[in-house]
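Coordinate analysis (summary)
What follows is the residue order along each chain.
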Amino acid sequence: MNRTTLSLIAGATALAAVTGFAALSTPDASGGSTAKAAVQLPVERTSLLCPEPSSSDLAETSYTAFTPVTKGTGGSGKAELAAANGQSADGSTADKSGKSGKKDTGAPVVRPKEPGKPVTGTAEGAETPGLIGTATGRFAPGWTVQETTQVAAGTGRGLLGTNCTAPDSEFWFPGAGTADGRTDYLHLTNPDDSAAVVDIELYGKDGTLKSTLGEGITVQPHAGEPILLSTLTGETETDVTVHVTVRSGRVAAAVQALDDKLGGDWLAASADPAASLVLPGIPKDATDVRLVAFAPGDSDADLKLRLASPSGQITPAGNETLHVKSGMTAALDLGDVTRGEAGSLLLTPSDTSVPVVAALRVVRGKGDKQETAFIPATAPVGTRATVVGNRSKDTTLALTAPTRTTQVKVTASAGSEGGTPVTKTYTIKAGTTQNVDAPVPRGLKGTYALTVEPVSAGPVYAARTLEAAGEGVPAFTIQTLPDDRGAVAVPEAEQDLSVLQK
């Protein structure tokens, strides 16, 4: 193996450490490959971004961070979640000496001491900025952060939660709105040292919503930018698809969807456009479920709807299919589709495969005691996924195996203030969704993490529902569990490189 090949392999390993992914195939002179199949190695650096939690003075926000224990990571590394733009988590800004009247400027909101144990932090009121989290070394693989906010009254009152997300260059948000009574903000957060430039497109039931204000939006370095969607267009729409593309730089994006009567929650980005989608974890007591879908390509999509229930797949009565016109947002009211049982919605092509994005708006409660959450189409658990901020009596874990029976291992971590881990294994039958009796740490104090790992073949999808008491309102939030991207594929050398270097 020559020096160039060695450099390429070293470069691939460095790329994996910085970006979390790399792939390399090195040909020999005869056109064959001198590299074996790629091996999975833990990532060495991970970034996550949390949006500004609330504009309400009544907001109480908690942050929980966690890294599952991962083999092969070594003993070094660190992780912390700190405010962007030179602010403390309480919103105060330092003077030139670096002193703050309230807290040390930039003091981390959370700083884990070791993998395997969650750590929490809090903030109150409307001045909490967006946060930037970084993890390196043994803290990087599976680094997970949850932002959870409880708002006692006003627009969007209830429980709002979101997984803090990695920066990217494109996002789809079906399920937003600009109608009267809705106050929806698109939050953009830039983790880098240079400004990012972003374009925002809005699509309603008849196509593109007219706007000249969504082009070339600048997001300053290490800063967040909340954008009220109704300021981008004069058109009012109940169901809007938001498309975010980044011209330069990177951002994290999430939509905070607030309703005057139905509470609100964070709407996370849908999985990438695909012909078949899974939307897991519809609460069994949902009183109204609304599907919103969008076909970004040049062709219309005809979707077949199936509900994966505890007993198998069923067709929602009167809602067997949905036609989605190209470039137009389509919506379908499914009512109380779960009828008292756990459920997940499966979307597949009726005929020709056409990529779509989709999300569900889920309502619980009745009358003036209603609350809203969102379930975007999501990627499968993959190798491993984690959700944090769980409590012993207010957490529901839903697991879905759409195509084949699969065994799933679920581990409850140590508690943030005490407790020892517990692991259980579940069998999820093909075509079903199960609300499993998730494990709880022995001697739990504080909150804990749930880590989900498939142990047999077949895709598994997961979602967590978190509830909170709220003056008779069934306050809740739902987070999906896609793969944590804690490992990277790096080619295994055909020869022992240490021999060549002697």
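In this text the structure is predicted, and so the values were computed from the model without any measurement.

As for the overall build of the protein
A tally of regular secondary structure across the protein gives two helices and 37 strands. Residue burial in the protein is summarised as follows: out of 502 residues, 53% are buried. Counting every atom, the protein has about 21,400 Å² of accessible surface; 48% of that belongs to carbon and sulfur.

Observations regarding the sheet that holds strand β29 (residues 406-412)
Reading across from one edge, β27-β34-β29-β31 is the order of the four strands in this open sheet, with antiparallel pairing throughout. Unpaired on one side and paired on the other, β27 (385-390) and β31 (422-428) mark the two borders of the sheet. Strand-to-strand twist across the sheet, computed as the mean angle between neighbouring axes with direction ignored, equals 20°.

Points about the sheet that holds strand β7 (residues 144-151)
Ordered in space as β5-β3-β7-β8, the four strands form an open sheet in which the pairing is antiparallel. A strand with exactly one partner marks an edge of an open sheet, and here the two such strands are β5 (119-124) and β8 (158-163). The average undirected angle you get between the axes of adjacent strands in this sheet is 15°.

Remarks on the pairing of strand β6 (residues 131-136)
Note that strand β2 (residues 45-50) and β6 share six bridges and pair antiparallel. From the neighbouring strand, Leu49 faces β6, where its bridge partner is Ile132. Sheet topology note: the strand β4 (residues 79-83)/β6 ladder contains five bridges and is antiparallel. When the sheet's bridge partners are listed, Ala79 is paired in β6 with Ala135.

Notes on the packing of aromatic side chains
By the definition in use, this model includes three aromatic pairs. Seen in terms of ring centroids, Phe171 and Phe173 are 6.3 Å apart; in terms of plane orientation they differ by 15°. Their pairing is stacked. Each member of the pair, Phe171 as well as Phe173, is classed as buried. Aromatic side chains Tyr203 and Phe294 sit 4.7 Å apart centroid to centroid with 40° between the ring planes, which places their arrangement in the tilted category. Of this pair, Tyr203 sits in strand β11 (residues 196-204) while Phe294 sits in strand β19 (residues 288-294), and the two are 91 residues apart along the sequence. Taken together, the ring pairs connect Trp172, Tyr203 and Phe294 into an aromatic cluster. The aromatic ring of Phe476 is capped on one face by Arg364, whose charged end is 4.9 Å from the ring centroid.

Comments concerning the pattern of salt bridges
On inspection of all chains with the given rule, the structure shows 14 salt bridges. Residue Lys205 pairs with Asp206 through a salt bridge whose shortest N-O separation is 3.9 Å. When the shortest N-O distance is used, the salt bridge between Glu467 and Arg364 registers 3.4 Å. Of this pair, Glu467 sits in strand β35 (residues 461-468) while Arg364 sits in strand β25 (residues 357-364), placing them 103 residues apart in sequence.

Some points on the state of the cysteines
Cysteine pairs can be linked by a disulfide, which is a covalent bond between their two sulfur atoms. Counted according to the given criterion, the structure contains one disulfide. In this model Cys50 forms its disulfide with Cys164; the gap between the sulfur atoms is 2.0 Å. Across the S-S bond linking Cys50 and Cys164, the dihedral sits near 105°, which makes this disulfide right-handed. A residue pair is termed long-range when its members are at least 10 positions apart, and Cys50 in strand β2 and Cys164 in the loop between β8 and β9 (170-176) qualify at 114 residues. The class of Cys164 is buried, set by a relative accessible area of 6%.

A word on the confidence of the model for the protein
In this model, the protein carries an average pLDDT of 87, and 86% of its residues clear a pLDDT of 70 or more. Taken together, the stretch residues 86-105 has pLDDT below 50 and engages in 38 contacts with residues farther than four places along the chain or on a different chain. Low confidence marks residues 494-502, where pLDDT is under 50. Its contacts with residues over four positions away, or in another chain, come to eight contacts.

Side note on the side chain of Thr162
Tracing the backbone shows Thr162 in strand β8. Classification of Thr162 by relative accessible area gives buried; the value is 5%.

Observations regarding the environment of Val198
With respect to the element layout, Val198 can be found in strand β11. When its relative accessible area of 0% is taken as the criterion, Val198 is described as buried. Taking the C-alpha atoms as reference points, Val198 and Val246, 48 residues apart in sequence, are found 4.4 Å from one another. Not counting chain neighbours up to four residues away, the residues in contact with Val198 comprise Leu188, Gly214, Glu215, Gly216, Ile217, Val219, Val244, Thr245, Val246 and Val251.

Definitions and limits used
- Residues numbered from 1 in each chain as written.
- Predicted model: local features only at pLDDT ≥ 70, side-chain atom pairs only at ≥ 80, totals over all residues.
- Heavy atoms only, no water.
- Helix = DSSP H or I, 4+ residues; strand = E, 2+ residues; numbered from the N terminus.
- Buried < 20%, exposed > 50% of the residue type's maximum accessible area, 1.4 Å probe, protein only.
- Areas by Shrake-Rupley, 256 points an atom, 1.4 Å probe, with all protein chains shown as cover.
- Pairing = 2+ DSSP bridges.
- Axes fitted to C-alpha atoms, helices over the stretch in contact; angles between N-to-C directions.
- Phe/Tyr/Trp six-rings, centres within 6.5 Å; stacked < 30°, edge-to-face > 60°.
- Lys NZ or Arg CZ within 6 Å of the ring centre and 35° of its normal.
- Salt bridge = Lys/Arg side-chain N within 4 Å of Asp/Glu carboxyl O.
- Disulfide = S-S within 2.5 Å.
- pLDDT = per-residue confidence, 0-100.
- Contact = heavy atoms within 4.5 Å.

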